[in-house]
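Spelled out from the first residue to the last, the chains are:
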Amino acid sequence: MAAKSGIKEIAGAAGQVLNLIAAPRYGGHLRPRQKTNVQTRNLINGEWRDAPSGATFEVTNPATDEVIAKVPNGGAEQAKAAIAAARAALPGWRALPAAERAAPLARLADLMLEQREALATLLTREQGKPLAESRGEISYAASFITWAAEEAKRVYGETVPSSRPDQRILVLRQPVGVVAAITPWNFPSAMITRKLGPALAAGCTMIVKPAEQTPLSAFAIAELALQAGIPAGVLNIITGDAAAIGQVIFADPTVRKVSFTGSTEVGQKLMVAAAANVVRLSLELGGHAPFLVFDDANIDAAVSGAIKSKFRNAGQTCVCPNRFFVQAGVYDEFVAKLAAALEPMQIGSGLDEGVSVGPLIDDAAVAKVRDHIDDARSHGATLRLGGKIFSPAAGLTERFCQPTVLENVNTSMKVSHEETFGPVAPVRRFTHEAEAIELANDSPYGLASYFYTRDNARLWRVAEALEYGIVGANDGGPSTAQAPFGGVKMSGIGREGGRYVMHEYLDIKYVSIGL
C-alpha cells in the first residue's frame, strides 16, 4: 500500500516549519528535490496513523521546554497492527535477492546524508545535544545502513564434510523473521539505524518503538525509508505506552527477535518476558566505564580522549567513562590539564553554534547528577571544577550541568558504583598496574573501557585483562560501524556492528542430504 501523504508541520521556536529536502534516487537518476514536512504520526503498513483513541503526548525541547510536537500515545492496538503489517510483508521482503534488499537501504543512507542538516536540527531540538554532535550522529547513523547494505551480499552458508559417503551437509543462514527494536533517547537516530540496517539487510521486517523523549528522529528516518523504496510493512514505527506495546510484542509468537538498548534493570525484565515464547534477544545495557591513565601515557592525548569520550552529549552515553583512575606519577598533571581544557567549554542550547555542552534530558536526570555530586562531596571528594546545575541564559531550563571534575574519590561514593549519565569526571589515584586493573574490573558492568599508555607490552596486558566488551587503547572514540559493539557481564548480550551483527538476525539451518 502506498504511503499516505497526511503531513503535519512542526513549528520552530521562531515559527519556522522544519522541512526535510529529499532527493530520492530511482534507476540511478535524481528526481526533482521534494520538500517533506516531518511526520508526527505512527507508520504502520506504509500509512501514517494516529492512535485509535486520538490520544497524544508532547515532545519537548529539554533546553527550553518548548513543545515541538504532539505524537500518538498508542498502545496494544497499534502494536498488534504493526506486527500484523510486518508479518504480512515478511515473505516478499525475505524472498528478494540480497542486492535488491541492499539497494533501498543504500538509498536511505544517501538520503540521510543529503538531509543531514535538517535531521541534525530536528535531533538537537528534541534531544538537546549540540548541533555539531547531531551532525556527527546523522553521519554515524547513515554509516550503519551503508555497512549493512553491503553485508547483505555477504551472508554465506557452508558445506560441511560428511562422515558418510551417502550424505552431504549444508548449513543455511536465513532471516529470523519479524523483529522488534526498542531504542533510547540519547542517540535517537544512530540507535535505530544500528538495528534497522542489519535486520532489514538480513531479510527481516521490523517494528521500532523509539523513546518517548525523541520519537521525531524515528519518524524522519521512516519517511526517508519510504522515499528510498522500502516497501510498506517492512519498517513500522509506533509510539506510546511502553508497557502495553512491550506486552504485545512479547506475547505474539510472530515476533522472533527483540533488540533493546537501555538500562540493565529494563533489560532484565525483557529477559523474563522473552522466556514465554523463547524470543531471541540482543541487549545493550548499562555501563560503568573505567578510564585508566598510566605514568607512561601521552597526557595530552589522554586528556583529549577523556573529553571526547566523557563529555560528548553532556556525559549521557552508555560508553562514557564514569571512573577515572590515574597513576600517581601523572595524577596532578592529568587533572590540571583536564580542568584547564574543560573550563572554557561553552554551555547552552544545542542550536547555538559554538556550544559544547547541552542540557540533561529531563528533571530526573538532573536530580541524579546533582545527587551524585552532593554524595561524593559529602564522602570527602574535592570539587576541582564545575559542580553547578543552572540555566545558562534567559529562556533556558535549569538542566545544564557544568563539566565537573571530582578529586579524592573513593569506593564509598555513588559515583564509584552507579552510572551517573552526566558530565561528571570522578578521579582517583592508583599506584601499580595490577591495582588499576582490579579497580577497573570491580563492577558488575562490562560495556566499555579506556586506557592510555605508551608501553607496548602493557598495552597488550591491560587490553586482555580488562573485563569489557569494548576497549579503547589510546582511543577515546572506538565506536564505528564495521566493529562489534556490545558488552559482557550485566552490560548485555549480543553485538551490533561489523559482520558479527548480521548473525543476530539470522537463524542457522542444517540440511542433511541423503544420496
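The coordinates are above.
Per-chain numbering applies: the sequence of each chain, read as written, is numbered from 1 onward. For a predicted model such as this one, the threshold for reporting local features is a pLDDT of at least 70, and the threshold for listing and counting side-chain atom pairs is 80 or more; totals across whole chains, interfaces and linings nevertheless cover every residue. To get the side-chain values, take all heavy atoms of the structure and skip hydrogens and water.

Let us look at the overall build of the protein chain. Runs of E in the DSSP output that reach at least two residues are strands. Runs of H or I that reach at least four are helices, and both are numbered from the N terminus. For the protein chain, the count of helices and strands is 14 helices and 28 strands. In summary, the protein chain has a C-alpha radius of gyration of 24 Å against a globular reference of 24 Å for 515 residues, a match within 12%. By its C-alpha atoms, the protein chain is 70 × 65 × 45 Å across when sized along the principal axes. By the burial criterion, 55% of the 515 residues in the protein chain qualify as buried. We call two residues in contact whenever any of their non-hydrogen atoms come within 4.5 Å of each other. Of the contacts formed within the protein chain by residues at least 6 apart in sequence, a portion of 73% connects residues at least 24 apart. For a compact globule the rule gives 2.2 Å times the number of residues to the power 0.38, and the radius of gyration it is set against comes from C-alpha atoms. A 1.4 Å probe rolled over the protein chains alone gives each residue an accessible area, and that area as a share of the maximum for its type sets the label: buried under 20%, exposed over 50%, partly exposed in between.

Here a strand pair is declared whenever DSSP counts at least two bridges between the two strands. Ordered by their spatial adjacency, 3 strands build an open sheet running 9-10-28, and the pairing between neighbours is antiparallel. Where the open sheet ends on each side, the last strands, each with one partner, are strand 9 (158–160) and strand 28 (506–514). Geometrically, the sheet is characterised by an average inter-axis angle of 25° between neighbouring strands, direction not taken into account. Where strand 10 (residues 167–175) lies against strand 28, 9 bridges are found, and the strand directions are antiparallel. For Arg 173, the partnering residue across the bridge sits in strand 28 and is Ile 508. Axis lines are fitted through C-alpha atoms, for helices just across the contact stretch, and the angle between N-to-C directions can take any value from 0 to 180 degrees.

Between Lys or Arg on one side and Asp or Glu on the other, a salt bridge is scored when a side-chain nitrogen of the former is within 4 Å of a carboxyl oxygen of the latter. Going through the model one piece at a time under the given rule, you end up with 24 salt bridges. Glu 433 is paired through a salt bridge with Arg 461; the nearest N and O atoms lie 2.8 Å apart. With Glu 433 in helix 12 (residues 433–441) and Arg 461 in helix 13 (residues 456–465), this residue pair connects regions lying 28 residues apart in the sequence. Under the relative-accessibility criterion, Glu 433 is labelled buried at 14%. One network of salt bridges, with partners in common, ties together Arg 194, Lys 195, Glu 284 and Glu 496.

Spatially, 18-21-22-17-16-24-25 is the arrangement adopted by the 7 strands of the open sheet, whose pairing is mixed. Looking at the sheet topology across the chains shown, the edges are occupied by strand 18 (382–385) and strand 25 (470–473). Sheet twist, expressed as the mean angle between neighbouring strand axes with direction ignored, is 25°. In terms of strand pairing, strand 16 (residues 289–293) meets strand 17 (residues 321–327) through 5 bridges, oriented parallel. Along strand 17, the bridge assignment pairs Phe 291 with Phe 324.

Tracing the backbone through its elements, the reader meets Arg 323 in strand 17. Counting rule for charge: Lys and Arg are taken as positive, Asp and Glu as negative, and neither His nor the chain ends is counted. Buried and unpaired, Arg 323 has Asp 442 as its nearest opposite-charge partner, separated by 6.2 Å. Think of a polar contact as two N or O atoms within 3.5 Å of one another; within protein, one of them needs to be a possible hydrogen donor and the other a possible acceptor, and neighboring residues in sequence only count if both atoms come from side chains. Separated by 3.1 Å, the side chain of Arg 323 and the backbone oxygen of Ala 440 make a polar contact. Within the local environment of Arg 323, its side chain forms a polar contact with the side chain of Tyr 468, the two groups lying 3.0 Å apart.

Following the sequence through the fold, Glu 58 ends up in strand 7 (residues 56–60). The class of Glu 58 is partly exposed, set by a relative accessible area of 46%. Placed 154 residues apart in sequence, Glu 58 and Glu 212 show a C-alpha to C-alpha distance of 8.9 Å. Apart from the residues within four sequence positions on either side, Glu 58 is in contact with Val 67, Ala 69 and Lys 70.

Moving on to the packing of helix 4 (residues 131–151) against helix 5 (residues 190–202). Packing of helix 4 against helix 5 leaves a shortest axis separation of 8 Å and a crossing angle of 10°. Our classification of the angle between helix 4 and helix 5 gives roughly parallel. Contact residues: helix 4 offers Glu 137, Tyr 140, Ala 141, Phe 144, Ile 145 and Ala 148, while helix 5 offers Ala 190, Thr 193, Arg 194, Leu 196, Gly 197, Pro 198 and Ala 201. Three classes are used, and their members are as follows: Ala, Val, Leu, Ile, Met, Phe, Trp, Tyr, Cys and Pro are nonpolar, Asp, Glu, Lys and Arg are charged, and the others, Gly among them, are polar. A breakdown of the residues in the contact of helix 4 with helix 5 according to their chemical character gives 9 nonpolar, 2 polar and 2 charged. When an angle is under 35 degrees it counts as roughly parallel; over 145 it counts as roughly antiparallel; between 65 and 115 it counts as roughly perpendicular; any other value is oblique.

Moving on to the nonpolar core. Nonpolar core, defined: a set of buried Ala, Val, Leu, Ile, Met, Phe, Trp, Tyr and Cys residues in which side-chain atoms within 4.5 Å join the residues together. Ranked by size, the top nonpolar core spans 63 residues in total, and within it Leu 108, Met 112, Leu 196, Leu 200 and Met 206 carry the most contacts. Within the second largest apolar cluster, 56 residues are counted, among which are Val 326, Ile 389, Val 405 and Val 424.

On to the packing of aromatic side chains, then. For any pair of aromatic rings, the description consists of the separation of the ring centres together with the inter-plane angle of the planes. Any two rings among Phe, Tyr and Trp, with Trp reduced to its six-membered ring, count as a pair given centres within 6.5 Å; such a pair is stacked if its planes are under 30 degrees apart, edge-to-face if over 60, and tilted if neither. In the structure shown here, the tally under the stated rule is 9 aromatic pairs. Each ring, one from Phe 291 and one from Phe 324, has its centre 5.0 Å from the other, and the planes form 35°; the classification is tilted. Separated by 33 residues along the polypeptide, Phe 291 in strand 16 and Phe 324 in strand 17 bring together distant segments of the chain. Both residues of the pair, Phe 291 and Phe 324, belong to the buried class.

So, on to helix 5. Between its first and last C-alpha, helix 5 extends 18 Å over 13 residues, near the 18 Å set by a 1.5 Å rise per residue. Within helix 5, 13 of the 13 residues are buried, which leaves it mostly tucked inside the rest of the structure. Of the residues one or two after helix 5, Gly 203 is the one with positive phi, at around 105°. Expected helix span is taken as 1.5 Å per residue step, with the number of steps being one fewer than the number of residues.

What follows concerns the environment of Trp 460. Checked against the element boundaries, Trp 460 lands in helix 13. A sequence separation of 54 residues divides Trp 460 from Leu 406, and the C-alpha atoms of the two residues are 30 Å apart.

Before going further, it helps to examine the pairing of strand 14 (residues 255–261). Consecutive side chains of a regular strand alternate in pointing toward one face of the sheet and then the other. The element strand 14 is largely enclosed, with a buried count of 6 among its 7 residues. Relative to strand 15 (residues 280–284), strand 14 runs parallel, the two sharing 5 bridges. Across the sheet, residue Ser 259 finds its bridge partner in strand 15, namely Ser 282. For crossovers, right-handed means that the path from the first strand over the helix to the second runs clockwise, given strands pointing away from the viewer. Chirality of the crossover, the property in question, places the unit of strand 14, helix 8 (residues 264–274) and strand 15 among those that are right-handed.

Turning our attention to unusual backbone geometry. Notably, Asp 65 is not glycine yet its phi reads approximately 65°, a positive angle. Within the element layout of this structure, Asp 65 appears in the loop between strand 7 and strand 8 (67–72). The exposure class of Asp 65 is partly exposed, given its relative accessible area of 40%. Residue Phe 421 is not a glycine yet carries a positive backbone phi of 60°. Considering the arrangement of structural elements, one finds Phe 421 in the loop between strand 21 (404–407) and strand 22 (424–430).

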